[in-house]
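Observations on the three-dimensional arrangement
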Amino acid sequence: MKSLTQAPLLSWLRETLLPECIIDEMCFTRYEEAEFPKGAFRYRLIYQTQNDENLLAQWLMTIKQDLSMAVIDRQSQYLCIEIALKVALTEEELDTFSSQSGIELFHLSANPPILNQAGVLVMDMDSTAIQIECIDELAKMAGVGQAVSEITERAMQGELDFEESLRARVAQLKGAKASIIETLCHRLPLMPGLEEMVKELQSYGWYLVLASGGFTAFVEYLKNELDLDAAFANTLVIENEKLTGEVSGQVVDAQFKADTLVACAERWGIMSGQCLAIGDGANDIPMIQAADFGIAFHGKPKLTQVADIAIHKMDLKALPFLLHLA
């Protein structure tokens, strides 16, 4: 065996082609991602730099059972390995690992969506695709920020009916100059990792959609900037270059988002198992539940409880690592 670095286990996996490695009488075997062992419990560990590998290797050495491993390569700079176990990790093992900063562990289902097969991802916008809540930012620009942000937070926590809260917040904008919409469009802060995630999914033929309880001007701006396939949101009413404090047409609420996912899958002939949704708030729950694979992104507790998987530490570049490359 070639000389290994200070994290022998990870060096064996990444730097050699040897089928197995024995360290301290523990035997580790390798496999390719597409050859995941049937019937095993599947975990992926995503981390940011090779500096994290010592801590990761130390934790892996504490797992007292046969362990198989694979390197998971994607287009982003994140690093990732997969481990396959005959017995699920214990709560104690998971708790020990959860304290490791810079590394995030994900328990995948036996058959996650396939990355290199066409699928559809429907994304929430505010606090998911972008770092802000657009209604809150518009309210600040209109001088009513505090009143609106308090309503937004209660709605995101699931304490208020969404349509009721939307109309209450928009009403606060009555009389504001419509020019604040365009101003905000040009300074939307994209969520870290969004562009990389979008490009990687698009390279495999995925359809990408925004379904937002926010507003059409912003989703259309992102759709054009990122070359997305569709975008849905609410329309603010403007008269005499000022906001009237109203929205027109059907409100894009929680059920509309879920229906959008189903409709888009039918429109593009997406196979079962290949429908994804990602969001952060309680308003995303029906959409997450309608998806084959629902992802909570730095989500509120109510959403995290129903999601298939939750991203707590990493940014959106983590999403392609949660799919299977067949």
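Below is a summary of the structure that appears in this document. Since the model is a prediction, treat every value here as computed from it, not as a measurement.

**Comments concerning the packing of helix α5 (residues 145-156) against helix α6 (residues 162-171)**
Following both chains from N to C, one finds α5 and α6 inclined at 170°, their axes separated by 9 Å at the closest point. Here α6 runs roughly antiparallel to α5, going by the angle between their axes. On α6, the residues touching V148, I151, T152 and A155 of α5 are S165, A168 and R169. Residues belonging to the contact of α5 with α6 are distributed by class as follows: four nonpolar, two polar and one charged.

**Concerning the sheet that holds strand β11 (residues 275-279)**
Spatially, the seven strands line up as an open sheet ordered β10-β9-β8-β7-β11-β12-β13, and their pairing is mixed. The strands lining the two open edges of the sheet, one partner per strand, are β10 (242-248) and β13 (309-311). The average angle at which neighbouring strand axes cross in this sheet is 25°, direction not considered. Pairing between strand β9 (residues 230-239) and β10: four bridges, direction antiparallel. Along β10, the bridge assignment pairs I238 with L243. The sheet contacts of helix α9 (residues 216-226) involve β8 (207-215) and β9, and relative to β9 the element is tilted by about 140°. On the sheet, helix α10 (residues 254-268) packs against β7 (120-123), β8, β9 and β11 and is oriented at approximately 155° with respect to β8.

**Looking at the sheet that holds strand β6 (residues 103-108)**
In space, the six strands of this open sheet follow the order β1-β2-β4-β5-β3-β6, with mixed pairing throughout. Each having just a single partner strand, β1 (20-23) and β6 make up the two edges of the open sheet. Ignoring which end each strand starts from, the neighbouring axes of this sheet average 25° apart. Bridging between β1 and strand β2 (residues 26-30) involves four bridges; their strand directions are antiparallel. By the bridge assignment for β2, I23 is matched with M26. Contacts from helix α1 (residues 8-15) reach β1, β2, β3 (41-47), β4 (67-71) and β5 (79-85) within the one sheet, and its direction differs from that of β4 by about 55°.

**Examining the packing of α1 against helix α2 (residues 53-60)**
Where α1 meets α2, the axes come as close as 8 Å, and the angle between the chain directions of the two elements is 105°. Our classification of the angle between α1 and α2 gives roughly perpendicular. The segment α1 lies against α2, with L9, L10 and R14 engaging E53, L56, A57 and L60. Classifying every residue of the contact of α1 with α2 gives five nonpolar, no polar and two charged.

**Overview of the state of the cysteines**
On inspection of all chains with the given rule, the structure shows zero disulfides. Left without a disulfide partner, C134 is nearest to the cysteine sulfur of C185, which lies 7.6 Å away. Of all cysteine sulfurs in the structure, the one in C275 sits closest to C264, which takes part in no disulfide; the separation is 9.2 Å. Take C264: its relative accessible area is 3%, and that puts it in the buried class.

**What about the packing of aromatic side chains?**
Given two aromatic rings, one states the distance between the centres and the angle between the planes to describe the pair. For the coordinates displayed, the defined rule picks out four aromatic pairs. Where Y207 meets W268, the ring centres are 4.3 Å apart and the plane angle is 5°; that geometry is what we call stacked. Taken together, the residues Y207 in strand β8 and W268 in helix α10 connect sequence positions 61 residues apart. The lysine or arginine in question, R30, covers the ring of W12, its NZ or CZ lying 4.8 Å from the ring centre. The residue whose ring lies beneath R42 is F36, and the NZ or CZ to ring-centre distance is 4.0 Å.

**Details of the pattern of salt bridges**
One side chain can pair with another of opposite charge once the charged atoms of both are near each other. For the structure shown, the criterion picks out 13 salt bridges. Note that R14 is salt-bridged to E53, the shortest N-O span being 3.3 Å. Separated by 39 residues along the polypeptide, R14 in helix α1 and E53 in helix α2 bring together distant segments of the chain. On the basis of relative accessibility, which here comes to 7%, the residue E53 falls in the buried class. Across the salt bridge formed by D66 and K86, the nearest N and O atoms sit 3.9 Å from each other.

Definitions and limits used
Residues numbered from 1 in each chain as written. Predicted model: local features only at pLDDT ≥ 70, side-chain atom pairs only at ≥ 80, totals over all residues. Heavy atoms only, no water. Axes fitted to C-alpha atoms, helices over the stretch in contact; angles between N-to-C directions. Helix = DSSP H or I, 4+ residues; strand = E, 2+ residues; numbered from the N terminus. Parallel < 35°, antiparallel > 145°, perpendicular 65-115°, else oblique. Contact = heavy atoms within 4.5 Å. Nonpolar A, V, L, I, M, F, W, Y, C, P; charged D, E, K, R; others polar. Pairing = 2+ DSSP bridges. Disulfide = S-S within 2.5 Å. Buried < 20%, exposed > 50% of the residue type's maximum accessible area, 1.4 Å probe, protein only. Phe/Tyr/Trp six-rings, centres within 6.5 Å; stacked < 30°, edge-to-face > 60°. Lys NZ or Arg CZ within 6 Å of the ring centre and 35° of its normal. Salt bridge = Lys/Arg side-chain N within 4 Å of Asp/Glu carboxyl O.

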